[in-house]
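# Inside the fold
What follows is the residue order along each chain.
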Amino acid sequence: KKFGTSQTVGTATTANMLALSSSLTNASSVLHSRPSRSSPRMRAVAVVRPAARLQGKPAVHAAKAGQHLLAFRPQQARGFKIPQGHRRQPHRQSLMCTAAAICAPALATACLLPTCLGFYVSEMAVSYGYGTATALSAYLIHEAAVKAGSWEWAVAHSLALIIYGLRLNVYLFWRQTVIPRFKERYQEAKTSAGNRLGRTPFIVSCALLYLGLAAPLVLSAQAWTGVTAATGALASAFKVCVSAAFVGLVVAAVGDLQKSMAKSAGQGLVTGGLYSVLRHPNYTGEMLLWTSSWVAGCLAFAALPTRSVGHMGWLALSTLGCIGINFVLMMATRGLEKRQREQYGSGSSGSKWSGSKYNSGKYSGDKYSGNKYGDDSYDKWVDSTWGGFSL
């Protein structure tokens with residue numbers, strides 16, 4: 001039932017649940033369950049008073065029965081009893097959903113195991129390992145959040161990272177099998193084994209980074225457990241951040257696809273489509289995705305009814321993950337800017353320019369590689385587009 005605020009009371013179902021009292025029609029509800037051998041999971045008996053008395057009273061405690069969460073307001077709950085042997089003293093701990101139970105062992109494993117592909121081919125730790133770890137860890141949290149009845153926008157937060165990880169793996173496989181340059185790069189990396197055990201620090205650090213990227217999802221799932229609708233400034237800002245994460249996901253996907261298809265067709269510098277606005281939409285889209293996800297995690301942390309040391313740890317880990325991934329993306333942007341200027345800039349000895357909207361003459365729009373225009377076409381393109389953030 002919704003008691004006039006953004007908070008809701010979740011339902012706990014069991015075969016041994018007694019019928020609700022007829023006083024429901026009088027705006028008073030009774031939720032009653034007794035432990036038995038056939039139904040050992042249910043442990044709580046609560047009488048919740050009329051809705052009018054619950055206005056503005058936040059839900060700050062929960063009784064966990066199996067995988068179901070029974071939420072109530074202790075100030076206005078009368079006759080609450082926990083059978084002997086199951087009595088627990090209240091303590092400063094936030095609502096814990098099923099996602100919290102899998103955090104330490106399952107999320108760490110989901111991030112580490114795919115990254116171990118780097119022992120086979122070092123680049124796989126930051127390619128297929130990256131995509132698989134992101135999708136798998138987000139999937140675990142997504143499933144737990146759904147079972148715990150988390151708010152739909154918190155579930156959508158994890159869904160964005162599932163889609164991103166799967167999309168990245170499909171794209172990497174397509175690029176590796178279609179574009180000759182990446183085929184050769186993979187074969188070279190595969191033959192140069194090197195010291196595999198020496199890659200351990202790199203692989204572990206990558207796994208920790210991926211765990212930091214999944215950390216905001218944990219906070220989102222815990223902040224709105226059992227909430228079917230949320231209102232207020234924090235909830236509205238959270239919706240904006242999740243929407244921005246999906247926008248970043250789409251921008252990165254379109255940028256990767258457009259550039260790879262152009263390169264497979266023999267085109268030089270790509271300047272059309274998204275690249276007429278953003279010089280590096282793939283990197284810029286990822287920055288938007290991960291930064292929005294981190295901000296959403298911070299908002300979820302602020303929305304927690306109570307905060308524990310564990311929540312602070314997830315917040316710190318998510319902050320480190322956001323800083324780490326943005327540092328990597330900004331370094332990649334800087335390196336690509338440098339290579340493009342050396343190859344296509346007006347001051348380079350072998351400027352290769354093709355398909356530019358600034359070109360004129362018989363080579364205009366032609367997919368010709370290697371022609372030396374010697375003009376400032378690249379500089380004009382740089383001036384009219386945004387290169388994102390770089391170091």
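Rules used in this analysis
- Residues numbered from 1 in each chain as written.
- Predicted model: local features only at pLDDT ≥ 70, side-chain atom pairs only at ≥ 80, totals over all residues.
- Heavy atoms only, no water.
- pLDDT = per-residue confidence, 0-100.
- Contact = heavy atoms within 4.5 Å.
- Core = buried A, V, L, I, M, F, W, Y, C linked by side-chain atoms within 4.5 Å.
- Buried < 20%, exposed > 50% of the residue type's maximum accessible area, 1.4 Å probe, protein only.
- Helix = DSSP H or I, 4+ residues; strand = E, 2+ residues; numbered from the N terminus.
- Phe/Tyr/Trp six-rings, centres within 6.5 Å; stacked < 30°, edge-to-face > 60°.
- Lys NZ or Arg CZ within 6 Å of the ring centre and 35° of its normal.

Another point: the confidence of the model for the protein. Predicted confidence across the protein gives a mean pLDDT of 74, with 65% of residues reaching 70 or more. Ignoring residues within four places in sequence, the model shows residues 349-374, a span with pLDDT below 50, making 47 contacts including any to other chains.

Moving on, we get to the nonpolar core. By size, the foremost hydrophobic cluster in this structure holds 56 residues, and its most contacted members are Tyr130, Tyr210, Trp224, Phe238 and Trp290. Elements with a contribution of two residues or more to this core: helix H1 (98-115), helix H2 (128-147), helix H3 (152-178), helix H4 (180-191), helix H5 (200-223), helix H6 (233-264), helix H7 (281-303) and helix H8 (309-344). Among the elements that make up this core, the one with the highest residue count is H5 (11 residues). In this structure, Tyr130 is in contact with Met124, Ala125, Tyr164, Leu168, Tyr210, Leu213, Glu286, Trp290 and Ile325, ignoring residues within four places of it in sequence.

Attention now moves to the packing of aromatic side chains. The full count for this structure, using the stated rule, is 8 aromatic pairs. With a centroid separation of 5.9 Å and an interplanar angle of 65°, the aromatic rings of Tyr130 and Tyr164 are classed as edge-to-face. Here the residue Tyr130 occupies a position in helix H2, and Tyr164 occupies one in helix H3, the gap between them amounting to 34 residues. As far as the burial class goes, Tyr130 and Tyr164 line up, both buried. Grouping aromatic residues by their ring pairs yields a cluster made of Tyr130, Tyr164, Tyr210 and Trp290. A cation over a ring is seen here: Arg175 above Phe182, with NZ or CZ 3.9 Å from the ring centre. Above the plane of the ring of Phe301 lies Arg307, whose end atom (NZ or CZ) is 5.4 Å from the centre.

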